[in-house]
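Fold and contact review
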Amino acid sequence: MTVNRSPLPIPAPREDGRQRKARRTREALAAAALELVLRHGPDEVTVAAIADRADVARRTFSRYFASKEEAALDFVREDGRRINTLLRERPAAEPPLIAYRRAVGHWLTDRDTPASHHRPEIRALLARIDSDPSLFAAYQRIRVDAQEESVGIVAARLAVDPAHDPRPTVVVDAAAGVLTAAMRLWARHAPTGNQSRAVADLAALVERSYDALTEEAAAAADREALSARRKRTAP
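Residues numbered from 1 in each chain as written. Predicted model: local features only at pLDDT ≥ 70, side-chain atom pairs only at ≥ 80, totals over all residues. Heavy atoms only, no water.

With respect to the overall build of the protein chain
Secondary structure assignment for the protein chain yields 10 helices and zero strands. Traced from its N-terminal end to its C-terminal end, the protein chain shows the element sequence α-α-α-α-α-α-α-α-α-α. Scored against the burial criterion, the 235 residues of the protein chain give a buried share of 39%. For the protein chain, restricting intrachain contacts to residue pairs at least 6 apart in sequence, the fraction spanning at least 24 positions comes to 67%. If you sum the accessible surface of the protein chain, you get close to 14100 Å²; carbon and sulfur atoms cover 53% of it. (Helix = DSSP H or I, 4+ residues; strand = E, 2+ residues; numbered from the N terminus. Buried < 20%, exposed > 50% of the residue type's maximum accessible area, 1.4 Å probe, protein only. Contact = heavy atoms within 4.5 Å. Areas by Shrake-Rupley, 256 points an atom, 1.4 Å probe, with all protein chains shown as cover.)

Structure, rendered in C-alpha cells:
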C-alpha cells in the first residue's frame, strides 16, 4: 500500500554576518516606512525621511526598495514568500486549490512563524490601500510577483506548462483572489480592541470565503449539468 506523505521542509540556510546585517537593514527600512506612511500618508513621506528614521544613508534605501510604498508594504512580500514555501510543502496528492487553501490556513495560524496580520498596524495600512493610488499600485505589483511564483509551483505539481495549460493560473488567481477579498473585508470591518480576537476572526473569515468559492462553483456546475440534461431531452 502506498502512503502519501507531505514532503519534508528544507531547512533554511544559516545566515552569515553579512546576510544578517542586510536583513536587519531591510527590516529597519520597512518598519520605518510603515510607521511614517501610517502617520503622515505616503504623499508626505520622503525616502530621505525613511532612511533617517532607520539610521542609514539615503543611498542604502535604493539597494533594498524601488519606492517608499514598496518599503511600507514589504510585509506583503514576506507573507507571499511564506505562503509559497508552505504551498511547496503540501502533499503532492492534494488538488491545487485545496493545497493553496491549506497553505494559507497554515500561514494564518502558525504560531512559530507569525504572519504580518498579528501586528495591529498592518490592518490599519491594509485599510488604506484601496483609497491610495500609490499604495494600491505597489500592492498589486507585489501580489503579482507572489502569484507568478505560485503559478510555477502549481504547474510543477500538475506537471504542465502554464503557458499552454490554464489551470495553474486560474487556480492561483482564484485562490489568491479569495484571500485578498477576505483580508480587505477584515481590514475594513474587523472589531477593534482585542488583536488576538481580530486575528482569529481573519482566519475564520478566510475559511468562510473559501467555502463560498467552492460552494458557488459546485452550484454553478450543478446548474450547468441540469441545463445540459434538459437540452438533451428537449423535444
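Once the structure has been displayed, the description carries forward.
Remarks on the pattern of salt bridges
This structure, assessed with the given rule, holds 17 salt bridges. Close ionic contact of Asp-74 with Arg-26 constitutes a salt bridge, the shortest N to O distance being 2.8 Å. One end of the pair, Asp-74, is in helix α5 (residues 74-88); the other, Arg-26, is in helix α1 (residues 17-40), with 48 residues separating them in the sequence. Comparing Asp-74 with Arg-26 shows no difference in burial state: the two are buried. Here Arg-81 makes a salt bridge to Glu-78, at a shortest N to O gap of 2.4 Å. With Arg-81 and Glu-78 both in helix α5, this residue pair falls three residues apart, about one helical turn. On the basis of relative accessible area, Arg-81 is assigned to the partly exposed category, the value being 39%. Exposure remark for Glu-78: the relative accessible area of 36% places this residue in the partly exposed category. In the salt-bridge network here, residues are joined through shared partners; they are Glu-35, Arg-39 and Arg-53. (Salt bridge = Lys/Arg side-chain N within 4 Å of Asp/Glu carboxyl O.)

Things to note about the nonpolar core
If you look at soluble globular proteins, the nonpolar side chains tend to sit buried side by side. Formed by 53 residues in total, the largest nonpolar core has its most connected members in Leu-73, Val-104, Trp-107 and Leu-126. Considering every element that reaches this core, the biggest residue donor is helix α9 (residues 167-189), with nine residues. (Core = buried A, V, L, I, M, F, W, Y, C linked by side-chain atoms within 4.5 Å.)

Section: helix α8 (residues 133-158)
Side chains three or four residues apart in an α-helix point the same way, a direct result of the helix having 3.6 residues per turn. Over its 26 residues, α8 runs 37 Å from end to end, which matches the ideal 38 Å to within 8%, given 1.5 Å per residue. Taken residue by residue, α8 has Leu-135, Ala-138, Tyr-139, Ile-142, Arg-143, Ala-146, Gln-147, Ser-150, Val-151, Ile-153, Val-154 and Ala-155 as its buried positions. Packing partners of the buried residues in α8 comprise α1, α4 (68-72), α5, α6 (96-109), α7 (120-129) and α9. (Expected span 1.5 Å × (residues − 1).)

Regarding the side chain of Thr-60
Relative to the elements of secondary structure, Thr-60 occurs in helix α3 (residues 58-64). Residues in contact with Thr-60, not counting those within four places in the same chain, are Thr-25 and Leu-29.

Some thoughts on the environment of Asn-84
Summarising the element assignment, Asn-84 is placed in helix α5. Beyond its immediate sequence surroundings of up to four residues, Asn-84 is in contact with Ala-146, Glu-149, Ser-150 and Ile-153. Of the polar contacts made by the side chain of Asn-84, one reaches the side chain of Ser-150; its length is 2.5 Å. (Polar contact = N/O pair within 3.5 Å; in protein donor to acceptor, adjacent residues only side chain to side chain.)

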